[in-house]
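Fold and contact review
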Amino acid sequence: MAEPMAAPDRLSPEVWKISGVALFGSLLSQLDATIVNVSLTSLAADLRSTLTVIQWVTSGYLLALTLVLPLSGWLVDRIGAKALYLWCFSAFTLSSALCGFAWSAESLIAFRLLQGLSGGLLAPMAQMMIARAAGRQMARVVGIMALPVLLAPVLGPIIAGAILQYASWRWLFLVNLPVGGLALVLAALLLPADRDEAARRKLDWVGLMLLSPGLALFLYGSDKIGETVGRVCLALGVAMMAAFLWTARRKGGEALVDLRLFKGKVFSTAAVTQFLSNGGMFAGQMLIPAFLIAACGRTPGEMGWMLAPQGVGMMVVYPLMGRLTKSLGIRLTSAGGAFLAFLATLAFPYLAREGFSLGVLVPALFLRGMGMSAVGLPSMTAAYASVERKRLPMATTSINIVQRLGGPTMTTLAATFLAWRLAAGAGGAAVPVAYAAAFLLLAALHFCTFAVAARLPRRLNDVAAPGE
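The paragraphs below set out a description of the structure included in this document. Since the structure is predicted, the reported quantities are computational estimates derived from the model, not experimental observations. (Residues numbered from 1 in each chain as written. Predicted model: local features only at pLDDT ≥ 70, side-chain atom pairs only at ≥ 80, totals over all residues. Heavy atoms only, no water.)

1. Describing the overall build of the protein chain
In plain terms, the rule: Helix and strand definitions here come from DSSP, where helices need a minimum of 4 consecutive H or I residues and strands a minimum of 2 consecutive E residues; each element is numbered from the N-terminal end. When a residue's accessible area, from a 1.4 Å probe over protein chains only, is under 20% of the maximum for its type it is buried; when over 50% it is exposed; and in between it is partly exposed. Two residues qualify as a contact provided that any one of their heavy atoms is within 4.5 Å of a heavy atom in the partner residue. Accessibility throughout is a Shrake-Rupley quantity obtained with a 1.4 Å probe, and a residue counts as covered only by protein chains that appear here.
Along the backbone of the protein chain there are 24 helices and 0 strands. Residues classed as buried in the protein chain amount to 53% of the 468 residues present. Taking all contacts inside the protein chain whose residues are at least 6 apart in sequence as the whole, residues at least 24 apart take part in 82%. With the model as given, the accessible surface of the protein chain reaches about 20600 Å², and the carbon-plus-sulfur share is 68%.

As C-alpha cells, then:
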C-alpha cells in the first residue's frame, strides 16, 4: 500500500530538537542586544563615562558581528555546523563573563568586540541548521520557534530594569552564563554530527580583506552620514564591496561568497525581497518614532508603548506562517504581506497631514507588523529550497549579508530624504509636510517589496534545487 499523502508534512521529533537548540542562538543574541541597548545611560553613569563613548558597547558589537559574518559559510564548510556552533556559544558565554568583570568603559567595549565576533554567527548558524533539518517545512518550524525571539524586545527592557534596580550592572552580562551553559550541553547532546559534510575549501583572503571591512565601513558610514568621516567611510565601504564583487565574479566557487547563487531566479528574487523588506522595517523604525516625538510632541515614554501594536501584529502572524504558506503558497503569502505593509504605511502620511490620532495609529501599526512579518520567512524558505544541501552554508552567508545591507541602506535613504525636506521647508508647518513625504517614500519601498515578492514561485513544489 502507498504511503499516506500527509506523511511528507509530518515533522520528526529530531527536527524540533535541532530547531529548539538552534533557537538558543537567536534568542540569546537578540535578548543580549536588547538588554544592553536599553541600559547604555546606566552603564555610562556607573562606569563614569559619556554616552558618546559608551554607545560603542553597542556599535562595536554590531561592527564586530558584521566583520565575521562573511566567514560563516567557509567555517561551516571547514569544520562542520555542530563544531562551529559549539565554538561560537563557548566564546559568546566566555566573553559575556569577561564583560561582566570589566573594570572600565574601554575594557567593556573591548570585551563586547570579542562577544560580537562570536555572537555574529549565532543567528545565521541557527537559520542554517533549521533550514537543513526542516527543509521545505522551514516556514512552519521557524514561524513557531521564532515566537520567543520576538518576545526578546519585550522581555529585554523588563529584565534590564529589574537588574539595574536590584543588582549590579554586571548581571546584564553574567545572566548569559547559565543560559549559555545550558545551550552548550543541549547542543553537544542533540545536534547531529556533520563533519562528513565538511569540505576543505580554501579561504579567499583577498575577498575577506575587501568584504568584511567594506561591510563594517558601510554600516558605520551609514550611521554617521551627517559627518564628514561618515561620508568618507560610506564611500570607502561601497568601493571595497564593489572591488569584492569584481574579484568574486572572477573566482566563481573559490570566492568567499559564490555569486553564482544569484544567477538562480528564485534565489536572487528572494534575496532582493529580503533586502527591501529588511530595509523597509529598519527605515520605519527610524521614521515612526522620530515622527511621534518631533511632529506629534509625544515623550519617549509615550512613544515606546505606542509602538507596541506593531510587535503584537508580528507575534500574531509568525506562529501561523506554516499554515499560511501551505494554504496560500509562497508568492501570495510574501507578496500579500508586503502589500498589507504598504497599505498600512499609507496611514502615516495621513497622520502627518491631518494630525495625530491614536485611533488611526494603533491599527496602522498592528497591520504593518502583520504584513512585514509575512514577507521574510516564505522568501527565505524559497531561497533555501532552490539550492543544494551542500551549498546551504554559502546560501546562508549570502542571504544574511544582503539582508543586513538592506537596513542601513534604506534607513540612510529615508533619513537623507527627510533631512532634505526639512531643510527645504520653513516654519513649524514644514515639519508635518516633510514627514508626510518621507512616509510616502517608505510606502513606495514597501510597494517595491510587493512587486519583487510577486515574482517568487507560487508554491514550494515549483522550486527545484539543482541536481533534484
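From this point, things continue past the structure.
2. Points about helix α22 (residues 376-385)
Burial analysis of α22 places 9 of its 10 residues in the buried class, the great majority of the element. All buried positions along α22 are accounted for by Leu377, Pro378, Ser379, Met380, Thr381, Ala382, Ala383, Tyr384 and Ala385.

3. What about the packing of aromatic side chains?
Any two aromatic rings considered together are summarised by their centre-to-centre distance and by the angle between their planes. To be explicit about the condition: Aromatic pairs are defined between Phe, Tyr and Trp rings, using the six-membered ring for Trp, whenever the two ring centres lie within 6.5 Å; interplanar angles under 30 degrees are classed as stacked, those over 60 as edge-to-face, and all others as tilted. Sitting over a ring, as applied to charges here, requires NZ of Lys or CZ of Arg to be within 6 Å of the ring centre and within 35 degrees of the ring normal.
Summed over the entire model, instances satisfying the criterion amount to 13 aromatic pairs. Between the aromatic rings of Trp103 and Phe111, the centroid separation amounts to 5.9 Å while the plane-to-plane angle is 80 degrees, which identifies the pairing as edge-to-face. With relative accessibility at 65%, the residue Trp103 sits in the exposed group. Ring geometry for Phe339 against Phe450: centres 5.1 Å apart, planes inclined by 55 degrees, an arrangement best described as tilted. Of this pair, Phe339 sits in helix α19 (residues 330-345) while Phe450 is found in helix α24 (residues 430-453), placing the two residues 111 residues apart along the sequence. For Phe450, a relative accessible area of 24% puts it in the partly exposed group. Among the aromatic residues, those joined into a ring-pair cluster are Phe291, Phe348, Tyr435 and Phe439. The ring of Tyr61 is capped by Arg112, whose NZ or CZ atom sits 4.2 Å from the centre of that ring.

4. Some remarks on the environment of Ile109
Within the secondary structure, Ile109 sits in helix α7 (residues 105-119). Beyond its immediate chain neighbours, meaning those up to four positions away, Ile109 contacts Val53, Trp56 and Val57.

5. Some words on the pattern of salt bridges
What counts, and what does not: Salt-bridge detection follows one rule: a side-chain nitrogen of Lys or Arg within 4 Å of a carboxyl oxygen of Asp or Glu.
For the coordinates displayed, the defined rule picks out 2 salt bridges. Salt-bridge contacts for Asp204 lead to Lys251; the nearest nitrogen and oxygen are separated by 2.5 Å. Residue Asp204 is found in the loop between α12 (176-190) and α13 (205-223), and its partner Lys251 is found in helix α14 (residues 228-251); the two are separated by 47 residues along the sequence. Of the charged contacts, one joins Arg260 and Asp258 as a salt bridge, the two residues approaching to 3.0 Å between their closest N and O atoms. The class for Arg260 is partly exposed, based on a relative accessible area of 44%.

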